Amino acid sequence: MRLSDYTDILDIEIIRDGEFDTLGNCTDTIDVPYLSFLGKAKFIDKINRSISCIITTADIASQITDTISGLAIAKEPKIEYAKLHNYLSTDERYVGKTFKTIIGANCNISPMALVAENNVIIGDNVTIGPFSVIKERTEIGNNVIIRENCVIGGKTYNYAIPEDGTIIELEDCGKVIIEDDAEICALCHIDNCPLPTEVTRIGKECKIGAKVQVAHGSILGCRVMIPGGTTISGNCNIGNNVFLGPESVISNRIRIGEGAHVSIGAVVTRDVSAHETVSGNFAINHDTFIDNLKKMR
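Reading the values: rules and limits
Residues numbered from 1 in each chain as written. Predicted model: local features only at pLDDT ≥ 70, side-chain atom pairs only at ≥ 80, totals over all residues. Heavy atoms only, no water. Phe/Tyr/Trp six-rings, centres within 6.5 Å; stacked < 30°, edge-to-face > 60°. Helix = DSSP H or I, 4+ residues; strand = E, 2+ residues; numbered from the N terminus. Buried < 20%, exposed > 50% of the residue type's maximum accessible area, 1.4 Å probe, protein only. Salt bridge = Lys/Arg side-chain N within 4 Å of Asp/Glu carboxyl O.

Engineer: Looking at this structure, how should I read the packing of aromatic side chains?
Structural biologist: Evaluated as defined, the whole model comprises four aromatic pairs. Both rings, one in Y6 and one in Y87, keep their centres 6.0 Å apart while their planes meet at 75°; by these two values the pair is edge-to-face. Of this pair, Y6 sits in the segment before strand 1 (13–16) while Y87 sits in helix 2 (residues 77–88), placing them 81 residues apart in sequence. Judged by its relative accessible area of 4%, Y6 falls in the buried class.

Below is the structure:
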């Protein structure tokens, strides 16, 4: 794909034409040449080396080095990027080839569940309860249990808003992977992702209680324990053997280290170290939280 292929749908001025294989954010770790956008100069130093084309503003364009072969300018780079993403969302070069859904041996799938006809892979010995929906671009490992009324691969909350105030909804082109022996209780929503290079992953032996949301691009390690009502925002990274207490909220792009413990109702807005326990809103180290409570008495 080349920048010049899309001048009829994008409001851009090409300074240098270039080729790209996919789209991604400027700080993503992607190993193939890809197109991104840059709306703020402060992110120039964080540009991934795999970026081959970039859409940016006229003010920033002069700071983009020749190592990026493709360069285009736009009044609203993010909007043009979103338009291109949505246009490519039906292009198999971008999202991958369509295939008929594959279901393994000895599965117990309720006749009242809905599994997409295409682009789903289900392993052996999988249980899917009534009224659950398994959407396209989902991979489910062996011995997974998905209880009733879950949505796996559901629509993400991703929008671009131009200056005129209209709302552009980004199409989902990513993937959900649920690894072996995970269990997801009733009424959970596991988001897909906008970009085809993104994955929402539930690791091996994770146990997820009712009414939990795992948002787009979040990665759960092995044996993560999540009682009911917890919200994990987008692009979080949760280590192995982590416990997230009931009704806790994890803000976007948070990293929680291995063996950490998030207390009931905590609102986590910054990274949590391995084996640390945090409590409160906003969450802080649990011992500090208890000390502060004692001082208030």
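Now, onward.
Engineer: I'm lost on the pattern of salt bridges in this one. Help?
Structural biologist: Oppositely charged side chains can form a pair if their charged atoms are brought close together. Inspection of every chain in the model, using the stated rule, returns twelve salt bridges. E19 is the partner of R2 in a salt bridge, and the nearest nitrogen-oxygen pair spans 3.1 Å. One end of the pair, R2, is in the segment before strand 1; the other, E19, is in the loop between strand 1 and strand 2 (22–23), and 17 residues separate them in sequence. For E183, the salt bridge goes to R147, with nearest N and O atoms at 2.8 Å. Of the two residues, E183 sits in strand 18 (residues 183–184) while R147 sits in the loop between strand 13 (145–146) and strand 14 (151–154), which places them 36 residues apart along the sequence. You can call R147 partly exposed: its relative accessible area is 34%. Salt bridges sharing common partners tie together R2, D17 and E19.

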